[in-house]
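Residues per chain, in single letters:
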Amino acid sequence: MTSPVQIYQLLDSKNIEHRGVKVGFINELYGLTQYLKDVGLTEPRMTLVIVGGASGLDSARQAQLESLFHKVLAPLAEEMQLYVVDGGTDAGVMSLMGDARTAIGGTFPLIGVAPRSLVSLPDQPVDHPYASTLEPNHTHCILVPGEKWGDESVWISQVATHLSGSCESMTVLINGGSVTVQDAYASVNAGREIVIIAGTGRIADDIVEALRYKVVEGKQIADPKIARLLDQSDELLTAIDLDNRPCDFIQDLKLLLSE
């Protein structure tokens, strides 16, 4: 049975448009459908999934990453009124997405998905060494079953599938580690195109290097996880360089999202 939606005001904001984060507690797909109905997210829309580093973001790239979110991803989501789905916690790419939405005065729904046992709420703290808090600029968060980070990967993909319905959806992969690989597999299993942002470090650059190596050299990829991802889905993978001009970046993403 679905728990009631709870609203958490995590920001001391004078912006009347900021109505807090609407949090739902989901145990099964039926609960997801009910939650989306309860919060009014039933109209199918194009959907953007953001996956990547929650920690380990290279500080040398921080300004470029902020520019990517503030000048490309958030404006794109606002212009097209996309649903945006990510991990929902106050770290890494999720923080960048939340900050960018607020900075541009965005109105697009920003929905986080995270394991319930690893998220501390103001009135329900979690005693776990790897626990996190919600990113306060999100509009919604769906807390799902799971005991470790990565258990939410399949749920992120399922939420995006439910939200997009008959509309297109796309995943953007930035930086990241082992959990990001799980996120990528979940998108591939859903038949969702993945855009990897080259130049953001860690697993994103590893995948881009392997993708180019495979295409140019036609040789086997050393990392078995990445090799399996490419074997299953290289037709769903596209690399875009972080250094691209924002206007070109947005145009490329629009074309990919509408294919």
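Higher on the page you've got the structure.
Notes on the structure in this doc start here. As the structure is a computational prediction, the values presented were derived from the model and not from experiment.

1. Quick word on the pairing of strand β10 (residues 193–198)
Along any regular strand the residues' side chains alternate between the sheet's two faces. Taken across its six residues, β10 has six buried, putting it largely inside the fold. On β10, burial covers both faces: E193, V195 and I197 on one face and I194, I196 and A198 on the other are all buried. Pairing of strand β9 (residues 169–174) with β10, which is carried by four bridges, proceeds in the parallel orientation. Bridging across to β10, V172 finds its partner in V195. Two strands pair when backbone bridges link them, and β10 and strand β11 (residues 237–241) are joined in this way by five bridges, in the parallel orientation. Bridge pairing in β11 places I194 opposite L237.

2. Structural notes on the packing of aromatic side chains
Centre-to-centre distance and the angle between the planes together describe a pair of aromatic rings. Under the criterion given, the structure shown has zero aromatic pairs. In this structure, R45 packs its charged tip against the face of Y83, placed 4.9 Å from the ring centre. The ring centre of Y185 lies 4.3 Å from the NZ or CZ of R228, which sits over that ring.

Quick notes on the rules
The residue numbering used here restarts from 1 in each chain and proceeds along that chain's sequence as written. At least 70 in pLDDT is required for a residue's local features to be given in this predicted model, at least 80 for side-chain atom pairs to be given and counted, and no such filter applies to totals for whole chains, interfaces and linings, which use all residues. Side-chain descriptors were evaluated using all non-hydrogen atoms of the structure, hydrogens and water having been removed beforehand. Three labels apply to residues, based on accessible area from a 1.4 Å probe with only protein chains included: buried if under 20% of the type maximum, exposed if over 50%, partly exposed otherwise in between. Helix and strand definitions follow DSSP, with helices as H or I runs of at least four residues and strands as E runs of at least two, each counted in order from the N terminus. We call two strands paired when DSSP finds no fewer than two bridges between them. Between the rings of Phe, Tyr and Trp (Trp by its six-membered ring), a pair exists once the centres lie within 6.5 Å; its type follows the angle of the planes, with under 30 degrees stacked, over 60 edge-to-face, and the other angles tilted. By the criterion adopted, a ring carries a charge over it if an Arg CZ or a Lys NZ lies within 6 Å of its centre and within 35 degrees of its normal.

Note that every value here comes from positions in space, so none of it alone points to a role or purpose.
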